[in-house]
Amino acid sequence: MSASDQDTPAAAPEAEATGMTPRQARRLRMAAASVLLVAMAAVLVVRLASRTSVLVVGVYGLAMILCGVVIELSRNGRTRLGTWLLVAGLAAALAFDWLILP
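All values derive from a computational prediction rather than experimental measurement.

Student: Help me out: how do you make sense of the confidence of the model for the protein in this one?
Tutor: Atomic detail in the predicted coordinates should be set aside for any region of low pLDDT. In the predicted model, the protein carries a mean pLDDT of 79, and the fraction of residues at 70 or more is 81%. Of all helices and strands in the protein, the one with the weakest mean pLDDT is helix H1 (residues 3-7) (55), whereas helix H4 (residues 79-99) scores best (86).

Encoded structure:
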């Protein structure tokens, strides 16, 4: 740093921060993934009661694994990546359920 950089006062912090803290965002994503994990397990049980298919177990099993991966990503601070994976993966699972599964 030069002497002129040291003489300038630091920028005043914002009076009020908007949004969530990173810790709150991580906890929110972990909670959302946990709720979706339980929901996928419930849907898997309902689907298996109506029809037994390896595809049903595969699709919902992969969705449950994805929820677990998102929880781990959120614990490690990768909340944005986890959110995108959760949204894309669950949308794909629902699309497979609607379009492909008998």
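Following the structure, the description resumes.
Student: What should I look at first to understand the environment of Glu72 in this one?
Tutor: Mapped onto the secondary structure, Glu72 falls in helix H3 (residues 54-75). On the basis of relative accessible area, Glu72 is assigned to the partly exposed category, the value being 37%. Through-space distance from the C-alpha of Glu72 to that of Ala33 is 9.9 Å; in sequence the pair is 39 residues apart.

Student: Which parts of the structure should I look at to understand the packing of helix H2 (residues 22-50) against H4?
Tutor: Relative orientation and spacing of two packed helices are given, respectively, by the angle between their axes and the distance between those axes. One can describe the packing of H2 onto H4 by two numbers: an axis separation of 11 Å at closest approach and a directional angle of 15°. If you check the angle between H2 and H4, you find them roughly parallel. Where H2 crosses over H4, the handedness of that crossing is left-handed. In contact with Ala25, Arg26, Arg29, Ala33, Leu36, Met40 and Arg47 of H2, H4 contributes Thr79, Thr83, Leu86, Leu90 and Asp97. Partitioning the contact of H2 with H4 into residue classes produces six nonpolar, two polar and four charged.

What counts and how
Residues numbered from 1 in each chain as written. Predicted model: local features only at pLDDT ≥ 70, side-chain atom pairs only at ≥ 80, totals over all residues. Heavy atoms only, no water. pLDDT = per-residue confidence, 0-100. Helix = DSSP H or I, 4+ residues; strand = E, 2+ residues; numbered from the N terminus. Buried < 20%, exposed > 50% of the residue type's maximum accessible area, 1.4 Å probe, protein only. Axes fitted to C-alpha atoms, helices over the stretch in contact; angles between N-to-C directions. Parallel < 35°, antiparallel > 145°, perpendicular 65-115°, else oblique. Left-handed = near helix turned anticlockwise from the far one by under 90°. Contact = heavy atoms within 4.5 Å. Nonpolar A, V, L, I, M, F, W, Y, C, P; charged D, E, K, R; others polar.

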